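# Per-entry structural report
Residue strings, one per chain:
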Amino acid sequence: MWILLEYAAWAIAALLLLWMVMDAARVNREFDEDVLLSSREGIDELLEHGDVPEAKEN
Amino acid sequence: MSDQTANGSATAAVEAAVREDRVGLLRVLGPVHVWALGVGIVLVGEFMGWNFSVGKGGAMGALIACWVIGLLYTCVAMIDSEVTSTVAAAGGQYAQAKHIMGPLMAFNVGLYLVMAYTMLEAADALIVGDLLVILAEQTGYEALDPKPFVILIIAFLAFLNYRGVFMTLTLNFIITAAAFVSIIILFLGVQPWQPGAMLKHSDLLTDLPYGWIGVIAAFQFGIWYYLGIEGTCQAAEEVRSPSRSLPLGTMTGIMTLLIAATLTWYVCSGLLPWEYLGQATVPLYDAARMTGSTTLQIFLFVGTMFAATASANGCINDASRAWFSMGRDRYMPLWFGAVHPRYRTPYRSILFLIPIAVSFAFTGLLDQVITFSILSGLLGYTFMPINMVIFRKKWPLGTIRRGYVHPFHPIPAIVLMVLCITTFFATYLGFGVQLLAMMVFYIVVSIWFSVHRYKYVRRSDQFTMNWPKPQGY
Amino acid sequence: MSKYYEPPKQSKLGQLFDSAFLLVLVYVALFIPLILGLTGAGSTTHIPEEVNWDTLGQNPTMQAQWEKLGYTPDSAAEIISTRFDYTINPILLAITAIVIIGYFVFLVKVSDKEYREVIREKFDQ
């Protein structure tokens, strides 16, 4: 049983890693590099929302 | 902070971002997640690692270390809460250093964070592997190879982190709470109200085997009880109201840990001879074994498993945030500063750190890796009091809006500094060469940053807070 | 315009090289103590000539717990008798102290110099 689990672990790990790499590659193709790198330190957002997001829209 | 509000605001934030054509990290977390991130990373330290302090100074020495280092971390939490509730950006202490002390310091702090967390993550994954080997042996299979499981746990947690921070930290909350409960159950299970029945402190506790120098030496591993609680600040850019949630999550986190640390010490020192405890791999699980109760053993097995998983999970979260922020500012290659347009996570940093964590786990350098991790953490704590003093000097109270103001300044900063120096000395006792090797590493990369990397950095982007000019500039 | 510093764009290859360079440094730092054969804490082991629970200084309760853990006096002897060596080498201690303090002084000084540039660009428009 443990041997099966070992193989299963290898397989699932490989699958997860593969998915992430594929997804990352897809995102790199589909989106412009400038969009991906467009995040700024989240200060502006903090000020806009007046720092009380609890009362935010739902 | 129900799931619904969080999901609701998550969707709203996605829509807003799409409109603005700009992707940033997602603000979806509440104080519970901050607690889960902080405590989650650390709690594994109660299941393993802290007990090396018993080896360095005896059981009583370890208790003293536990409390003194607890004081150190209370100072850390106080200082951190003030600074981070004011400088709320991903990268936590890294962003603080950038705004308060300058680029080179920030680069170093960022590296402390990445190194400390990635190395801790490797150690956590190895524990999961070791536990499975123990389980396999107990069910009659002697030759289990832990490698696939170590890789699986890292891959799975990276996958979670990749897919979104809300789910990641919600899971962390559940497994961290479960692990904490397992410690409490063990404590109740050993009948602490009947000393002598199961707990045999009066016979097992000895005098300080090394005298007082051993107590100081024990500080080094006393850090394990709390190492990583300051990681709460990494979530700053993803928390809904950072100035409230971060101090709240951090402070409740340190209280949880103080309780857990004391209970852990009490149970273990009452069941295990100190010489054994000082070198055990999984002391709490051993303590459960000594009670002879299968139920407790199962609880502690699961608890240890959960704690290690939660820790690795939080480490991936924190290390990738720090690496991401450094990329975004071009301290490290800009390529890492990307955010996933759909999941809104620093996906390239998460991916990049997977093979590194795996390699740390499999080089057979675990001792080195753990020492390096602790020391990087310690360097980070040494930075904090310097940072705090400068922060209050450049922007005295009242000049900017602070989310939280810690009392008794500068006493916490001074206490923290003294304790850091003592802990450096403790590390020197026995681990002097590693200490020097690591210092050489940080000196070399600092020079590398100054002469090479810094030329790619856009100067005015290094200060994003809406503050007045600092005093004296 | 000359007042503002416009950083060069780094090529993909350069970015890759820098990441790799940092990683190599990390591994070097991890391996140095190993190569010098100086890992782990210095310790000494004095196993008594006649090994039993009494000569190892274990009282009846301790004995019971050791046995419950599955140890015999022989297998526990090394664990019990190993002690860290806390002798202080003043020269090494001084070197360590100077290196750490020097490092922080260097950090604070250089950071402050860079910080002044940042503040100047940010506020002196």
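Criteria and cut-off values
Residues numbered from 1 in each chain as written. Chains lettered and ligands numbered in written order. Predicted model: local features only at pLDDT ≥ 70, side-chain atom pairs only at ≥ 80, totals over all residues. Helix = DSSP H or I, 4+ residues; strand = E, 2+ residues; numbered from the N terminus. Rg over C-alpha atoms; globule rule 2.2 N^0.38 Å. Buried ≥ 20, exposed ≤ 12 C-beta atoms within 10 Å, placed from the backbone. Contact = placed C-beta atoms within 7 Å. Expected span 1.5 Å × (residues − 1). Nonpolar A, V, L, I, M, F, W, Y, C, P; charged D, E, K, R; others polar. pLDDT = per-residue confidence, 0-100. Core = buried A, V, L, I, M, F, W, Y, C linked by C-beta atoms within 7 Å. Axes fitted to C-alpha atoms, helices over the stretch in contact; angles between N-to-C directions. Parallel < 35°, antiparallel > 145°, perpendicular 65-115°, else oblique. Left-handed = near helix turned anticlockwise from the far one by under 90°. UniProt positions renumbered as here; feature names shortened; annotations may be inferred.

Time to look at the overall build of chain C. When you go through chain C residue by residue, the secondary structure sums to four helices and two strands. Ordered by position in the sequence, the α and β elements of chain C form the string α-β-α-α-β-α. Over its C-alpha trace chain C gives a radius of gyration of 28 Å, far above what one expects of a compact globule, namely 14 Å for 125 residues. Taken along the three principal axes of its C-alpha coordinates, chain C extends 85 × 35 × 30 Å. Taking all 125 residues of chain C together, 16% fall into the buried category. By sequence separation, contacts in chain C at least 24 residues apart represent 61% of the contacts at least 6 residues apart.

A separate point is helix H6 (residues 147-163) of chain B. Residues and elements named next belong to chain B. For H6, with 17 residues, the first-to-last C-alpha span of 24 Å sits near the 24 Å given by 1.5 Å per residue. In terms of residue burial, H6 counts as a mostly covered element, since 14 of its 17 residues are buried. A positive phi of about 145° marks Gly164, the residue just after H6.

In this complex, chain C contributes 53 residues to the contact, which on the side of chain B involves 65 residues. Per element, the largest residue contribution to the side of chain C that touches chain B is 21 residues, and it comes from helix H4 (residues 90-123) of chain C. Looking at side-chain class alone, the side of chain C that touches chain B contains 34 nonpolar, 11 polar and eight charged residues.

Okay, the confidence of the model for chain A next. Per-residue confidence for chain A gives a mean pLDDT of 77; residues scoring 70 or more make up 71%. Predicted confidence in chain A is weakest over helix H3 (residues 43-48) of chain A, with a mean pLDDT of 43, and strongest over helix H1 (residues 2-30) of chain A, with 95.

Quick look at the nonpolar core now. Residues Met119, Val128, Ile154, Ala155, Ala158, Leu186 and Leu416 of chain B are the most contacted members of the largest nonpolar core, which totals 214 residues. Sequence-distant contacts of Leu186 of chain B, defined by excluding residues within four places in its chain, comprise Val267, Leu284, Ala287, Ala288, Leu296, Phe299 and Leu300 of chain B.

Before going further, it helps to examine unusual backbone geometry. Residues and elements named next belong to chain B. Here His409 and Pro410 are connected by a cis peptide whose omega angle stands at 5°. Within the element layout of this structure, Pro410 appears in the loop between helix H15 (366-394) and helix H16 (411-451). A positive phi angle is found at Arg330, which is not glycine, with a value near 70°. Its location among the elements puts Arg330 in the loop between helix H13 (294-328) and helix H14 (347-362). Classification of Arg330 as buried rests on a count of 22 C-beta atoms within 10 Å.

This part covers the packing of H6 of chain B against H13 of chain B. When two helices pack together, their arrangement is given by the angle between their axes and by how far apart the axes lie. All names here are of chain B. Where H6 meets H13, the closest approach of the two axes is 10 Å, and the angle between their N-to-C directions is 50°. With respect to each other, H6 and H13 are oriented oblique. Our pair here, H6 against H13, has a crossing hand that is right-handed. Along its contact with H6, which presents Ile153, Ile154, Leu157, Ala158, Leu160 and Asn161, the element H13 presents Thr309, Ala312, Asn313, Ile316, Asn317 and Ser320. Residue composition of the contact of H6 with H13, by class: seven nonpolar, five polar and no charged.

With that settled, the discussion passes to the UniProt feature "transmembrane region" (unreviewed entry) in chain C. UniProt feature "transmembrane region" (unreviewed entry): in the numbering of this structure it lies at residues 20-41 and 91-110 of chain C. Measuring from the first to the last C-alpha atom of residues 91-110 of chain C gives 28 Å, for a span that is 100% helix and 0% strand.

Residues and elements named next belong to chain B. Where helix H4 (residues 93-100) meets helix H5 (residues 103-138), the axes come as close as 7 Å, and the angle between the chain directions of the two elements is 170°. Overall, the two elements H4 and H5 adopt an arrangement that is roughly antiparallel. Residues Gln93, Tyr94, Ala97 and Lys98 of H4 form the contact with H5, whose own contacting residues are Pro103, Met105, Ala106, Val109, Gly110 and Leu113. Of the residues in the contact of H4 with H5, the class split is seven nonpolar, two polar and one charged.

A few words now on the environment of Tyr226 of chain B. Residue and element names in this part refer to chain B. Within the secondary structure, Tyr226 sits in the loop between helix H9 (212-222) and helix H10 (242-271). On the basis of neighbour count, Tyr226 is assigned to the buried category, with 31 C-beta atoms found within 10 Å. Apart from residues lying up to four places away in sequence, Tyr226 is in contact with Val42, Ile69, Gly70, Tyr73 and Leu257.

Chain-level pLDDT for chain C is 87 on average; 92% of the residues reach the 70-or-more range. Within chain C, strand E1 (residues 43-45) of chain C has the poorest average pLDDT of any element, 80, and H4 of chain C the best, 94.

Time to look at H5 of chain B. All names here are of chain B. Across its 36 residues, H5 extends 53 Å between first and last C-alpha, which sits within 8% of the 52 Å expected from 1.5 Å per residue. For H5, the buried fraction is high: 29 of the 36 residues fall into the buried class. Positive phi shows up at Gly140, right after H5, with a value of about 95°.

Turning our attention to the environment of Ile411 of chain B. Residues and elements named next belong to chain B. Mapping Ile411 onto the fold places it in helix H16. Classification of Ile411 by C-beta neighbours within 10 Å gives exposed; the count is 12. Between the C-alpha atoms of Ile411 and Cys75, which are 336 residues apart in sequence, the distance is 8.9 Å.

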